[in-house]
Amino acid sequence: MHVDLKILDPRLREQLPHYATPGSAGLDLRACLDAPLVLNPGETQLIPTGIAIHLADPGFAALILPRSGLGHKHGVVLGNLVGLIDSDYQGQLMVSTWNRGQEAFTIQPFERIAQMVIVPVAQASFNVVEEFPESDRGTGGFGSTGKH
Ligand SMILES: O=c1ccn([C@H]2C[C@H](O)[C@@H](COP(=O)(O)OP(=O)(O)OP(=O)(O)O)O2)c(=O)[nH]1
Ligand SMILES: [Mg+2]
């Protein structure tokens, strides 16, 4: 699919999001910073990416997810756990970075801090009913199928 993208900071021009391999699902997003930013343990900072996208089609959304290496090795994940980008959002993509680790982490300018996945979305219209047709699961949840 084609998505309109605005470069809000010219320094991003050479480093636009791209799929690193033919099979990649995620596009890495970079920290559009003027100087290194120290993220202390427990701290959350909203970091601009220097770009905006307009998906335009309500049948799609973008998810911002942590990068596995940063999250697992350094405890740098997202303050909102997952970022949801609406198809009609036209503002700068922002990444809430949260250092849930025990050590300070320095984010370098233009470092790849998160990844974005574009996903199909269904918008529901709700049909209010008194009863649902019976299903195998019924109302069982939260471990109702057992542990193993
Ligand atoms: O990690 C994120 C999450 C959201 N957004 C932008 C795109 C999204 O479309 C908009 C609103 O996000 P959301 O609906 O999750 O936040 P909200 O707190 O409900 O704000 P709003 O009242 O603007 O919907 O903020 C980002 O740039 N980064
Ligand atoms: Mg909202």
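Note that the coordinates shown come from a computational prediction; the quantities given were computed from them, not determined experimentally.

Undergrad: Help me out: how do you make sense of the layout of surface pockets in this one?
TA: One water molecule sets the probe size; rolling that probe over the atoms shows where empty space is left. In this structure, the largest pocket spans a volume of roughly 200 Å³. If you trace the largest pocket, you find it lined by Met1, His2, Val3, Leu5, Leu16, Pro17, Tyr19, Leu27, Ile53, Met116 and Ile118.

Undergrad: When you look at empty space enclosed by the protein in this model, what are you seeing that I'm missing?
TA: Scanning the entire structure with this criterion turns up 1 cavity of 30 Å³ or more. In this structure, the largest cavity occupies an estimated 30 Å³ of space. Taken together, Leu12, Gln15, Pro17, Asp28, Leu29, Arg30, Thr49 and Ile51 form the lining of the largest cavity. Mapped by element, the contributors of at least two residues to the lining of the largest cavity are β2 (27–30) and β4 (44–54). Top contributing element to the lining of the largest cavity by residue count: β2, with 3 residues.

Undergrad: Just to check I follow, could you spell out the site of ligand 1 for this structure?
TA: The environment of ligand 1 is formed by Ile64, Asn80, Gly83, Leu84, Ile85, Asp86, Tyr89, Gln92, Leu93 and Met94. Asparagine 80 places a polar side-chain atom, nitrogen or oxygen, 3.0 Å from an oxygen atom of ligand 1. Here a nitrogen atom of ligand 1 sits 2.8 Å away from a polar atom, N or O, in the main chain of methionine 94. Burial of ligand 1 by the protein amounts to 49% of the accessible area it has alone, namely 570 Å². Secondary-structure elements contributing two or more residues to the shell around ligand 1 are β7 (83–85) and β8 (92–99). Class assignment for the residues of the shell around ligand 1 results in 6 nonpolar, 3 polar and 1 charged.

Undergrad: How do you make sense of the nonpolar core when you look at a structure like this?
TA: Among soluble globular proteins, nonpolar side chains are generally buried collectively. Of all hydrophobic cores here, the largest spans 26 residues; its most connected members are Leu29, Ile64, Leu93, Val95, Ile107 and Met116. Contributing elements (two or more residues each) for this core: β2, β3 (37–39), β4, β5 (60–66), β6 (76–78), β8, β9 (105–107) and β10 (112–120). Valine 95 has contacts with Leu29, Gln45, Leu46, Ile47, Thr49, Ile64, Leu78, Ile113 and Ala114, leaving out every residue within four places of it along the chain.

Undergrad: It is not clear to me how the pattern of salt bridges should be interpreted in this structure. Could you clarify?
TA: Two side chains bearing opposite charge may form a pair once their charged atoms approach each other closely. With the rule as written, the count across this model stands at 4 salt bridges. Linking arginine 11 and aspartate 9 is a salt bridge whose minimum nitrogen-to-oxygen distance equals 2.8 Å. A salt bridge links aspartate 28 to arginine 112; its shortest N-O distance comes to 2.8 Å. Of the two residues, aspartate 28 is situated in strand β2 and arginine 112 in strand β10; the sequence distance between them amounts to 84 residues. For aspartate 28, a relative accessible area of 18% gives the class buried. Among the ionic contacts, a cluster of salt bridges with common partners joins Asp9, Arg11 and Asp34.

Thresholds, definitions, all that
- Residues numbered from 1 in each chain as written.
- Chains lettered and ligands numbered in written order.
- Predicted model: local features only at pLDDT ≥ 70, side-chain atom pairs only at ≥ 80, totals over all residues.
- Heavy atoms only, no water.
- 1 Å grid on protein atoms, 1.4 Å probe; cavity = no way out; pocket = protein on both sides within 12 Å on 5 of 7 lines; lining within 4 Å.
- Points joined across faces, edges and corners; volume = space filled by probe spheres on them.
- Helix = DSSP H or I, 4+ residues; strand = E, 2+ residues; numbered from the N terminus.
- Near = heavy atom within 4 Å.
- Polar contact = N/O pair within 3.5 Å; in protein donor to acceptor, adjacent residues only side chain to side chain.
- Areas by Shrake-Rupley, 256 points an atom, 1.4 Å probe, with all protein chains shown as cover.
- Nonpolar A, V, L, I, M, F, W, Y, C, P; charged D, E, K, R; others polar.
- Core = buried A, V, L, I, M, F, W, Y, C linked by side-chain atoms within 4.5 Å.
- Buried < 20%, exposed > 50% of the residue type's maximum accessible area, 1.4 Å probe, protein only.
- Contact = heavy atoms within 4.5 Å.
- Salt bridge = Lys/Arg side-chain N within 4 Å of Asp/Glu carboxyl O.

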